Amino acid sequence: MGLISSVLENHEIPTVSITLLKEVTEKVRPPRSLFVPYPLGYPLGEPHNPELQNRIIMRALSMLATEVDEYLVEDFEA
Amino acid sequence: MKNYKYRSLEWKSGVSLRKPLSKSRIAIVSTAALHTPDQEPFDGSVSGGDTSFRVIREDTQLETLRETHPSESFDHGGLEADPNLAMPTERFRELKAQGKIGDSAPRHLSFMGIILNPEKLINETAAQAAEILAEDKVDGVLLVPV
(Lines give C-alpha, C1' and ligand atoms only; values in the text may rest on other atoms or scores of the structure.)
Protein backbone atom coordinates (compact mmCIF):
# COMPACT_ATOMS: atom_id res chain seq x y z
CA MET A 1 0.00 0.00 0.00
CA GLY A 2 2.80 2.37 0.89
CA LEU A 3 4.57 1.60 -2.35
CA ILE A 4 1.50 2.50 -4.37
CA SER A 5 1.14 5.78 -2.50
CA SER A 6 4.75 6.73 -3.22
CA VAL A 7 4.34 6.06 -6.94
CA LEU A 8 1.13 8.10 -7.09
CA GLU A 9 2.67 11.02 -5.18
CA ASN A 10 5.61 10.96 -7.59
CA HIS A 11 2.99 11.37 -10.34
CA GLU A 12 1.68 14.37 -8.36
CA ILE A 13 -1.50 12.65 -7.23
CA PRO A 14 -1.96 13.21 -3.48
CA THR A 15 -2.87 10.15 -1.43
CA VAL A 16 -4.09 9.35 2.04
CA SER A 17 -4.13 5.84 3.45
CA ILE A 18 -6.24 4.25 6.11
CA THR A 19 -3.97 2.28 8.44
CA LEU A 20 -4.80 -0.46 10.90
CA LEU A 21 -1.19 -1.01 11.96
CA LYS A 22 0.45 2.16 13.19
CA GLU A 23 3.79 0.50 13.89
CA VAL A 24 4.02 -0.59 10.24
CA THR A 25 3.07 2.90 9.03
CA GLU A 26 5.83 4.40 11.17
CA LYS A 27 8.35 2.10 9.51
CA VAL A 28 7.12 2.52 5.94
CA ARG A 29 6.34 6.24 6.25
CA PRO A 30 3.83 6.86 3.49
CA PRO A 31 2.89 10.54 3.05
CA ARG A 32 -0.45 10.68 4.90
CA SER A 33 -2.13 8.05 7.04
CA LEU A 34 -5.18 7.95 9.24
CA PHE A 35 -4.91 5.34 11.98
CA VAL A 36 -8.23 3.71 12.79
CA PRO A 37 -8.74 1.61 15.94
CA TYR A 38 -10.35 -1.40 14.27
CA PRO A 39 -9.30 -5.00 13.65
CA LEU A 40 -7.56 -6.14 10.47
CA GLY A 41 -10.16 -6.59 7.75
CA TYR A 42 -12.25 -3.65 9.03
CA PRO A 43 -10.53 -0.51 7.68
CA LEU A 44 -13.76 1.51 7.65
CA GLY A 45 -14.96 0.32 11.01
CA GLU A 46 -18.12 -1.72 10.76
CA PRO A 47 -20.09 -3.37 7.95
CA HIS A 48 -23.36 -1.64 7.10
CA ASN A 49 -22.57 1.43 9.19
CA PRO A 50 -22.60 4.18 6.55
CA GLU A 51 -22.48 6.97 9.10
CA LEU A 52 -19.23 5.69 10.65
CA GLN A 53 -17.74 4.77 7.27
CA ASN A 54 -18.44 8.26 5.89
CA ARG A 55 -16.91 9.91 8.96
CA ILE A 56 -13.72 7.88 8.55
CA ILE A 57 -13.57 8.62 4.81
CA MET A 58 -14.07 12.38 5.28
CA ARG A 59 -11.55 12.51 8.13
CA ALA A 60 -8.98 10.79 5.88
CA LEU A 61 -9.75 12.92 2.82
CA SER A 62 -9.38 16.10 4.88
CA MET A 63 -5.67 15.24 5.15
CA LEU A 64 -5.16 15.48 1.36
CA ALA A 65 -4.89 19.26 1.52
CA THR A 66 -1.74 19.03 3.64
CA GLU A 67 1.64 19.18 1.94
CA VAL A 68 3.91 16.72 3.71
CA ASP A 69 7.67 16.79 3.93
CA GLU A 70 8.21 13.99 6.41
CA TYR A 71 5.16 11.83 6.92
CA LEU A 72 1.91 12.47 8.64
CA VAL A 73 -0.07 10.05 10.82
CA GLU A 74 -3.25 11.16 12.54
CA ASP A 75 -5.64 9.21 14.77
CA PHE A 76 -9.30 8.73 14.06
CA GLU A 77 -11.26 9.40 17.23
CA ALA A 78 -14.23 7.05 17.02
CA MET B 1 4.65 -10.29 9.46
CA LYS B 2 7.62 -10.52 11.77
CA ASN B 3 9.96 -11.50 8.96
CA TYR B 4 8.59 -9.04 6.45
CA LYS B 5 11.23 -6.52 5.48
CA TYR B 6 9.69 -3.08 5.56
CA ARG B 7 11.36 -0.30 3.74
CA SER B 8 10.86 3.39 4.17
CA LEU B 9 9.53 5.14 1.14
CA GLU B 10 10.76 8.04 -0.86
CA TRP B 11 8.31 10.29 -2.58
CA LYS B 12 8.09 13.76 -3.96
CA SER B 13 7.21 16.28 -1.28
CA GLY B 14 4.97 19.27 -1.85
CA VAL B 15 2.09 17.37 -3.45
CA SER B 16 -1.38 18.14 -2.09
CA LEU B 17 -4.98 18.63 -3.10
CA ARG B 18 -5.13 21.90 -5.02
CA LYS B 19 -8.85 22.57 -4.80
CA PRO B 20 -11.59 22.12 -2.23
CA LEU B 21 -12.64 18.54 -1.55
CA SER B 22 -16.16 19.55 -2.60
CA LYS B 23 -14.82 20.14 -6.12
CA SER B 24 -12.34 17.27 -6.23
CA ARG B 25 -12.59 13.93 -8.00
CA ILE B 26 -11.46 11.14 -5.69
CA ALA B 27 -10.50 7.55 -6.54
CA ILE B 28 -10.31 4.54 -4.25
CA VAL B 29 -7.30 2.24 -4.37
CA SER B 30 -7.84 -0.86 -2.28
CA THR B 31 -5.52 -3.74 -1.49
CA ALA B 32 -8.33 -6.13 -0.58
CA ALA B 33 -7.94 -8.17 -3.80
CA LEU B 34 -11.53 -7.47 -4.86
CA HIS B 35 -12.59 -8.22 -8.43
CA THR B 36 -15.73 -8.60 -10.49
CA PRO B 37 -16.95 -12.09 -11.43
CA ASP B 38 -15.73 -11.70 -15.03
CA GLN B 39 -12.21 -10.64 -13.99
CA GLU B 40 -9.39 -13.04 -13.30
CA PRO B 41 -8.98 -13.75 -9.57
CA PHE B 42 -5.76 -12.66 -7.87
CA ASP B 43 -3.12 -15.36 -7.63
CA GLY B 44 -1.75 -15.79 -4.12
CA SER B 45 0.77 -18.36 -5.38
CA VAL B 46 2.79 -15.91 -7.52
CA SER B 47 6.36 -15.72 -6.26
CA GLY B 48 6.98 -12.28 -4.76
CA GLY B 49 3.26 -11.49 -4.76
CA ASP B 50 0.66 -10.80 -7.44
CA THR B 51 1.33 -7.20 -8.47
CA SER B 52 -1.58 -6.96 -10.92
CA PHE B 53 -4.65 -4.83 -10.35
CA ARG B 54 -8.28 -4.80 -11.44
CA VAL B 55 -10.34 -1.80 -12.48
CA ILE B 56 -13.56 -1.53 -10.49
CA ARG B 57 -15.88 0.75 -12.40
CA GLU B 58 -17.84 3.28 -10.41
CA ASP B 59 -21.19 1.69 -11.32
CA THR B 60 -20.16 -1.84 -10.28
CA GLN B 61 -22.72 -3.51 -8.05
CA LEU B 62 -20.73 -4.08 -4.89
CA GLU B 63 -22.59 -7.25 -3.94
CA THR B 64 -21.22 -8.91 -7.09
CA LEU B 65 -17.58 -8.37 -6.08
CA ARG B 66 -15.43 -11.32 -5.09
CA GLU B 67 -12.46 -11.20 -2.78
CA THR B 68 -9.48 -13.48 -3.40
CA HIS B 69 -7.00 -12.17 -0.85
CA PRO B 70 -4.94 -15.16 0.36
CA SER B 71 -4.05 -13.74 3.78
CA GLU B 72 -5.28 -15.57 6.84
CA SER B 73 -4.16 -12.75 9.11
CA PHE B 74 -7.44 -10.86 8.80
CA ASP B 75 -11.11 -11.71 9.18
CA HIS B 76 -12.68 -11.86 5.71
CA GLY B 77 -16.21 -11.80 7.14
CA GLY B 78 -16.52 -8.02 7.25
CA LEU B 79 -15.78 -7.61 3.55
CA GLU B 80 -18.11 -10.44 2.64
CA ALA B 81 -20.87 -8.69 4.55
CA ASP B 82 -20.14 -5.23 3.18
CA PRO B 83 -17.54 -4.59 0.44
CA ASN B 84 -17.82 -0.86 1.24
CA LEU B 85 -15.36 -1.59 4.05
CA ALA B 86 -12.55 -1.64 1.47
CA MET B 87 -14.19 -0.38 -1.75
CA PRO B 88 -16.60 2.29 -0.50
CA THR B 89 -18.17 3.31 -3.81
CA GLU B 90 -21.65 3.50 -2.24
CA ARG B 91 -20.26 5.85 0.40
CA PHE B 92 -18.65 8.01 -2.28
CA ARG B 93 -22.02 8.33 -4.04
CA GLU B 94 -23.56 9.56 -0.78
CA LEU B 95 -20.71 12.01 -0.16
CA LYS B 96 -21.04 13.34 -3.70
CA ALA B 97 -24.81 13.73 -3.30
CA GLN B 98 -24.16 15.64 -0.05
CA GLY B 99 -21.68 17.90 -1.86
CA LYS B 100 -18.80 16.82 0.38
CA ILE B 101 -16.71 15.50 -2.49
CA GLY B 102 -16.89 16.74 -6.06
CA ASP B 103 -16.99 13.39 -7.79
CA SER B 104 -16.23 9.71 -7.48
CA ALA B 105 -13.70 8.61 -10.10
CA PRO B 106 -15.12 6.53 -12.98
CA ARG B 107 -12.50 3.84 -12.31
CA HIS B 108 -11.35 2.66 -8.90
CA LEU B 109 -8.50 0.18 -8.51
CA SER B 110 -8.05 -3.04 -6.62
CA PHE B 111 -4.68 -4.59 -5.79
CA MET B 112 -3.70 -7.49 -3.59
CA GLY B 113 -1.56 -6.63 -0.57
CA ILE B 114 1.50 -8.71 0.41
CA ILE B 115 4.11 -7.76 -2.15
CA LEU B 116 7.54 -9.18 -1.39
CA ASN B 117 9.10 -8.11 -4.67
CA PRO B 118 8.33 -4.42 -4.92
CA GLU B 119 10.28 -3.53 -8.07
CA LYS B 120 7.65 -4.83 -10.48
CA LEU B 121 4.92 -3.11 -8.52
CA ILE B 122 6.74 0.23 -8.51
CA ASN B 123 7.99 0.18 -12.08
CA GLU B 124 5.11 -1.46 -13.88
CA THR B 125 1.73 -1.88 -12.30
CA ALA B 126 1.63 1.11 -9.95
CA ALA B 127 2.86 3.29 -12.80
CA GLN B 128 0.02 1.97 -14.99
CA ALA B 129 -2.38 2.73 -12.15
CA ALA B 130 -1.07 6.29 -11.97
CA GLU B 131 -1.68 6.67 -15.72
CA ILE B 132 -5.29 5.52 -15.39
CA LEU B 133 -5.91 7.93 -12.52
CA ALA B 134 -4.29 10.79 -14.46
CA GLU B 135 -6.40 9.97 -17.55
CA ASP B 136 -9.50 10.17 -15.38
CA LYS B 137 -8.33 13.53 -14.00
CA VAL B 138 -8.35 12.26 -10.44
CA ASP B 139 -7.44 14.94 -7.89
CA GLY B 140 -6.74 12.69 -4.91
CA VAL B 141 -6.74 9.06 -3.81
CA LEU B 142 -8.04 7.20 -0.76
CA LEU B 143 -5.99 4.06 -0.13
CA VAL B 144 -7.75 1.31 1.77
CA PRO B 145 -5.80 -1.72 3.01
CA VAL B 146 -7.34 -4.60 4.89
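Everything here concerns the structure above.
Parameters and conventions
Residues numbered from 1 in each chain as written. Chains lettered and ligands numbered in written order. Predicted model: local features only at pLDDT ≥ 70, side-chain atom pairs only at ≥ 80, totals over all residues. Core = buried A, V, L, I, M, F, W, Y, C linked by C-beta atoms within 7 Å. Buried ≥ 20, exposed ≤ 12 C-beta atoms within 10 Å, placed from the backbone. Contact = placed C-beta atoms within 7 Å. Helix = DSSP H or I, 4+ residues; strand = E, 2+ residues; numbered from the N terminus. Expected span 1.5 Å × (residues − 1). Bend = angle between axes of the 7 residues up to and from the residue. Axes fitted to C-alpha atoms, helices over the stretch in contact; angles between N-to-C directions. Parallel < 35°, antiparallel > 145°, perpendicular 65-115°, else oblique. Nonpolar A, V, L, I, M, F, W, Y, C, P; charged D, E, K, R; others polar. Left-handed = near helix turned anticlockwise from the far one by under 90°.

Student: I tried to follow the nonpolar core on my own but got confused; where do I start?
Tutor: For soluble globular proteins, the rule of thumb is that nonpolar side chains tend to be buried together. Counting residues in each nonpolar core, the largest one holds 55 residues, and the members touching the most others are Ile4 and Ala60 of chain A together with Ile26, Ala27, Val29, Val141 and Leu142 of chain B. Not counting chain neighbours up to four residues away, the residues in contact with Ala27 of chain B comprise Ala105, His108, Leu109, Leu133, Val138 and Val141 of chain B.

Student: Just to check I follow, could you spell out helix α3 (residues 118-135) of chain B for this structure?
Tutor: Every α-helix carries 3.6 residues per turn, so stepping three or four residues along brings you back to the same face. End to end, α3 of chain B covers 24 Å across 18 residues, agreeing with the expected 26 Å (1.5 Å per residue, within 8%). Its maximal kink placed at Ala126 of chain B, α3 of chain B deviates by approximately 35°. Contacts made by the buried residues of α3 of chain B are with α1 (2-10) of chain A together with β1 (25-30), β3 (53-57), β6 (107-111) and β7 (140-144) of chain B. Looking one or two residues beyond α3 of chain B, the residue adopting positive phi is Lys137 of chain B, at roughly 55°.

Student: Help me out: how do you make sense of the packing of helix α3 (residues 50-61) of chain A against helix α2 (residues 89-97) of chain B in this one?
Tutor: At a minimum axis separation of 10 Å, α3 of chain A and α2 of chain B run at an interaxial angle of 75°. Considered as vectors, α3 of chain A and α2 of chain B are oriented roughly perpendicular to each other. Contacts between α3 of chain A and α2 of chain B involve Pro50, Gln53, Asn54, Ile57 and Met58 of chain A from the first element and Arg91, Glu94 and Leu95 of chain B from the second. In terms of residue class, the contact of α3 of chain A with α2 of chain B is made up of four nonpolar, two polar and two charged.

Student: Whenever I open this one, the packing of α1 of chain A against α3 of chain B confuses me. Can you help?
Tutor: Helix-helix packing is described using two parameters, namely the angle between the two axes and the distance between the axes. At their nearest, the axes of α1 of chain A and α3 of chain B sit 9 Å apart, and the two run at 50° to each other. Relative to α3 of chain B, α1 of chain A is oriented oblique. Along this stretch, α1 of chain A crosses α3 of chain B, giving a crossing that reads as right-handed. Contacts between α1 of chain A and α3 of chain B involve Leu3, Ile4, Val7 and Leu8 of chain A on the former and, on the latter, Pro118, Leu121, Ile122, Ala126, Ala127, Ala129, Ala130 and Leu133 of chain B.

From the geometry alone we can't say anything about function, so treat these as descriptive.
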